[in-house]
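Here is what each chain is made of, one letter per residue.
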Amino acid sequence: MMATVTAVAGQIWCDDCYYFDSVTGECKRKFVLVLAVDLNSGDLVTAVFTSKSHGLVEEPACFLGPPRAGYYVGIPGHSLSLESWVEFSSVDTLDVEDLAIHVTSGRKRLIGQRLEDSLFCAVLRCVLQSPDITRRQSRWVADTAAALGCA
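**What to know about the nonpolar core**
Step number 1: In this structure, L33, L35, F49, Y71, F88, L115 and V123 are the most contacted members of the largest nonpolar core, which totals 36 residues.
Step number 2: If you tally residues by element for this core, the top one is helix α2 (residues 117–127), at 8 residues.
Step number 3: Residues contacting F88, with those up to four places away along its chain left out, are A69, G70, Y71, V123, C126, V127, S130 and D132.
Step number 4: Core analysis: the second largest hydrophobic core is formed by 9 residues, A7, V34, L94 and L99 among them.

Next up, the structure:
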(Lines give C-alpha, C1' and ligand atoms only; values in the text may rest on other atoms or scores of the structure.)
Protein backbone atom coordinates (compact mmCIF):
# COMPACT_ATOMS: atom_id res chain seq x y z
CA MET A 1 0.00 0.00 0.00
CA MET A 2 1.36 3.40 -1.03
CA ALA A 3 1.82 6.13 1.57
CA THR A 4 -0.47 9.13 1.34
CA VAL A 5 1.45 12.30 0.58
CA THR A 6 -0.10 15.72 0.77
CA ALA A 7 1.56 18.78 -0.69
CA VAL A 8 0.59 22.38 0.02
CA ALA A 9 1.08 25.40 -2.22
CA GLY A 10 4.17 27.36 -1.20
CA GLN A 11 6.08 24.33 0.09
CA ILE A 12 9.62 23.66 -1.08
CA TRP A 13 10.63 20.09 -1.83
CA CYS A 14 14.03 18.65 -2.68
CA ASP A 15 14.19 16.29 -5.66
CA ASP A 16 17.48 14.39 -5.43
CA CYS A 17 17.19 13.17 -9.03
CA TYR A 18 15.44 15.98 -10.89
CA TYR A 19 17.60 15.40 -13.96
CA PHE A 20 20.33 13.05 -15.12
CA ASP A 21 23.72 14.53 -16.01
CA SER A 22 24.82 12.59 -19.07
CA VAL A 23 28.43 13.81 -18.69
CA THR A 24 28.98 12.66 -15.10
CA GLY A 25 26.34 9.92 -15.03
CA GLU A 26 24.90 11.37 -11.82
CA CYS A 27 21.45 12.37 -10.74
CA LYS A 28 21.30 16.10 -10.08
CA ARG A 29 19.28 17.70 -7.31
CA LYS A 30 16.86 20.61 -7.67
CA PHE A 31 14.66 22.40 -5.18
CA VAL A 32 11.05 22.48 -6.30
CA LEU A 33 8.36 25.01 -5.37
CA VAL A 34 4.73 23.89 -5.20
CA LEU A 35 2.84 26.64 -7.03
CA ALA A 36 -0.62 25.10 -6.71
CA VAL A 37 -2.48 21.95 -5.69
CA ASP A 38 -5.71 20.90 -7.38
CA LEU A 39 -8.35 20.53 -4.67
CA ASN A 40 -10.08 17.66 -6.49
CA SER A 41 -7.17 15.43 -7.52
CA GLY A 42 -4.34 16.58 -5.24
CA ASP A 43 -2.11 16.95 -8.32
CA LEU A 44 0.52 19.69 -8.17
CA VAL A 45 1.82 22.50 -10.32
CA THR A 46 5.53 22.91 -9.62
CA ALA A 47 8.54 24.92 -10.77
CA VAL A 48 12.22 24.60 -9.92
CA PHE A 49 14.60 27.05 -8.36
CA THR A 50 17.78 27.86 -10.22
CA SER A 51 20.85 29.73 -9.06
CA LYS A 52 22.16 30.13 -12.61
CA SER A 53 20.64 33.21 -14.22
CA HIS A 54 21.33 32.35 -17.89
CA GLY A 55 19.41 35.44 -19.00
CA LEU A 56 17.20 35.91 -15.95
CA VAL A 57 17.62 39.26 -14.19
CA GLU A 58 17.28 40.60 -10.65
CA GLU A 59 15.37 43.73 -11.75
CA PRO A 60 12.58 43.53 -12.49
CA ALA A 61 12.03 40.52 -10.23
CA CYS A 62 9.20 39.32 -12.51
CA PHE A 63 10.97 38.78 -15.82
CA LEU A 64 9.06 37.25 -18.73
CA GLY A 65 12.05 36.98 -21.07
CA PRO A 66 13.53 36.45 -23.52
CA PRO A 67 15.59 34.37 -23.22
CA ARG A 68 13.88 32.89 -20.12
CA ALA A 69 11.01 33.77 -17.83
CA GLY A 70 11.22 33.60 -14.07
CA TYR A 71 11.00 35.38 -10.75
CA TYR A 72 14.00 36.53 -8.73
CA VAL A 73 13.54 35.44 -5.10
CA GLY A 74 16.95 36.49 -3.77
CA ILE A 75 18.42 34.18 -1.15
CA PRO A 76 15.46 32.28 0.35
CA GLY A 77 17.61 30.82 3.15
CA HIS A 78 17.92 27.39 4.76
CA SER A 79 18.83 24.92 2.01
CA LEU A 80 18.59 27.63 -0.64
CA SER A 81 21.69 29.63 0.23
CA LEU A 82 22.44 31.15 -3.19
CA GLU A 83 20.70 33.91 -5.11
CA SER A 84 17.86 32.14 -6.88
CA TRP A 85 15.05 32.43 -9.39
CA VAL A 86 11.90 30.38 -9.84
CA GLU A 87 12.26 29.32 -13.46
CA PHE A 88 9.01 29.23 -15.41
CA SER A 89 10.18 27.02 -18.27
CA SER A 90 10.28 24.26 -15.63
CA VAL A 91 6.57 24.60 -14.72
CA ASP A 92 5.16 21.10 -14.63
CA THR A 93 2.14 19.18 -13.42
CA LEU A 94 2.96 16.32 -11.04
CA ASP A 95 0.47 13.58 -10.30
CA VAL A 96 0.03 13.16 -6.54
CA GLU A 97 0.52 9.39 -6.91
CA ASP A 98 3.88 9.97 -8.61
CA LEU A 99 4.83 12.30 -5.76
CA ALA A 100 4.01 9.50 -3.30
CA ILE A 101 6.22 7.08 -5.24
CA HIS A 102 9.08 9.60 -5.26
CA VAL A 103 8.73 10.21 -1.51
CA THR A 104 8.55 6.49 -0.69
CA SER A 105 11.66 5.79 -2.79
CA GLY A 106 13.54 8.61 -1.06
CA ARG A 107 13.91 10.67 -4.23
CA LYS A 108 11.82 13.61 -2.98
CA ARG A 109 11.55 15.09 0.47
CA LEU A 110 9.89 18.09 2.01
CA ILE A 111 12.55 20.44 3.35
CA GLY A 112 10.27 22.19 5.82
CA GLN A 113 10.64 25.57 4.20
CA ARG A 114 8.11 27.85 2.53
CA LEU A 115 8.36 31.13 0.73
CA GLU A 116 6.88 33.97 2.78
CA ASP A 117 3.33 34.76 1.63
CA SER A 118 4.08 38.15 0.03
CA LEU A 119 6.96 36.70 -2.01
CA PHE A 120 4.94 33.61 -2.93
CA CYS A 121 2.04 35.82 -4.09
CA ALA A 122 4.45 37.81 -6.26
CA VAL A 123 5.72 34.59 -7.85
CA LEU A 124 2.13 33.45 -8.51
CA ARG A 125 1.14 36.78 -10.08
CA CYS A 126 4.21 36.64 -12.31
CA VAL A 127 3.85 33.02 -13.43
CA LEU A 128 0.23 33.74 -14.42
CA GLN A 129 1.66 36.11 -17.06
CA SER A 130 4.15 33.56 -18.37
CA PRO A 131 3.79 31.85 -21.74
CA ASP A 132 5.24 28.72 -20.08
CA ILE A 133 2.03 27.85 -18.21
CA THR A 134 -0.90 25.85 -19.58
CA ARG A 135 -4.54 26.83 -19.25
CA ARG A 136 -5.17 24.11 -16.64
CA GLN A 137 -2.08 25.08 -14.64
CA SER A 138 -3.13 28.72 -14.87
CA ARG A 139 -6.55 27.90 -13.39
CA TRP A 140 -5.00 26.07 -10.44
CA VAL A 141 -2.44 28.84 -9.82
CA ALA A 142 -5.15 31.52 -10.04
CA ASP A 143 -7.29 29.56 -7.54
CA THR A 144 -4.29 29.37 -5.19
CA ALA A 145 -3.61 33.11 -5.53
CA ALA A 146 -7.28 33.88 -4.79
CA ALA A 147 -7.32 31.56 -1.75
CA LEU A 148 -4.22 33.32 -0.37
CA GLY A 149 -5.72 36.75 -1.02
CA CYS A 150 -2.93 37.73 -3.40
CA ALA A 151 -3.82 41.14 -4.81
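Still to come is the rest of the account.
**Quick word on the environment of L39**
Step number 1: Positionally, L39 belongs in the loop between β2 (26–37) and β3 (44–50).
Step number 2: Relative accessible area serves as the criterion here: at 82%, L39 is assigned to the exposed category.
Step number 3: With 101 residues separating them along the chain, L39 and W140 place their C-alpha atoms 8.7 Å apart.

**Observations concerning the state of the cysteines**
Step number 1: Counted by the stated rule, this structure contains 3 disulfides.
Step number 2: With its sulfur 2.0 Å from that of its partner, C17 forms a disulfide with C27. Taking the sign of the torsion about the S-S bond as the criterion, the disulfide between C17 and C27, at about -50 degrees, is left-handed. Taken together, the residues C17 in strand β1 (residues 11–21) and C27 in strand β2 connect sequence positions 10 residues apart.
Step number 3: Note on cysteine connectivity: C121 is disulfide-linked to C150, with sulfurs 2.0 Å apart. The S-S bond linking C121 to C150 shows a torsion near -70 degrees; that makes this disulfide left-handed. Remark: C150 occurs in the segment after α3 (135–148) and C121 occurs in helix α2; sequence separation between them is 29 residues.
Step number 4: In the protein, numbering the disulfide-bonded cysteines from first to last in sequence yields the connectivity 1-2, 3-5, 4-6.
Step number 5: No disulfide involves C14; its sulfur sits 11 Å from that of C17, the nearest cysteine.

**A word on the pattern of salt bridges**
Step number 1: Taken as a whole, this structure holds 5 salt bridges when the rule is applied.
Step number 2: Here E26 makes a salt bridge to K28, at a shortest N to O gap of 3.6 Å.
Step number 3: Connected via shared salt-bridge partners are D15, R107 and K108.

**Some words on the sheet that holds strand β6 (residues 84–94)**
Step number 1: With respect to topology, 7 strands assemble into an open sheet ordered β4-β5-β6-β3-β2-β1-β7, the strand pairing being antiparallel. Each of the sheet's edge strands pairs with one partner strand only, and the pair in question is β4 (62–63) and β7 (108–114).
Step number 2: As defined by bridge partners, β2 adjoins β3 across 5 bridges and the pair is classed as antiparallel. The partner of A36 across the bridge, within β3, is V45.
Step number 3: Along the sheet face, helix α1 (residues 96–105) touches β1, β3, β6 and β7 and points at about 115 degrees away from the line of β6.
Step number 4: Contacts from α3 reach β2, β3 and β6, with the element oriented near 60 degrees to β2.

The rules behind the values
Residues numbered from 1 in each chain as written. Predicted model: local features only at pLDDT ≥ 70, side-chain atom pairs only at ≥ 80, totals over all residues. Heavy atoms only, no water. Core = buried A, V, L, I, M, F, W, Y, C linked by side-chain atoms within 4.5 Å. Buried < 20%, exposed > 50% of the residue type's maximum accessible area, 1.4 Å probe, protein only. Helix = DSSP H or I, 4+ residues; strand = E, 2+ residues; numbered from the N terminus. Contact = heavy atoms within 4.5 Å. Disulfide = S-S within 2.5 Å. Salt bridge = Lys/Arg side-chain N within 4 Å of Asp/Glu carboxyl O. Pairing = 2+ DSSP bridges. Axes fitted to C-alpha atoms, helices over the stretch in contact; angles between N-to-C directions.

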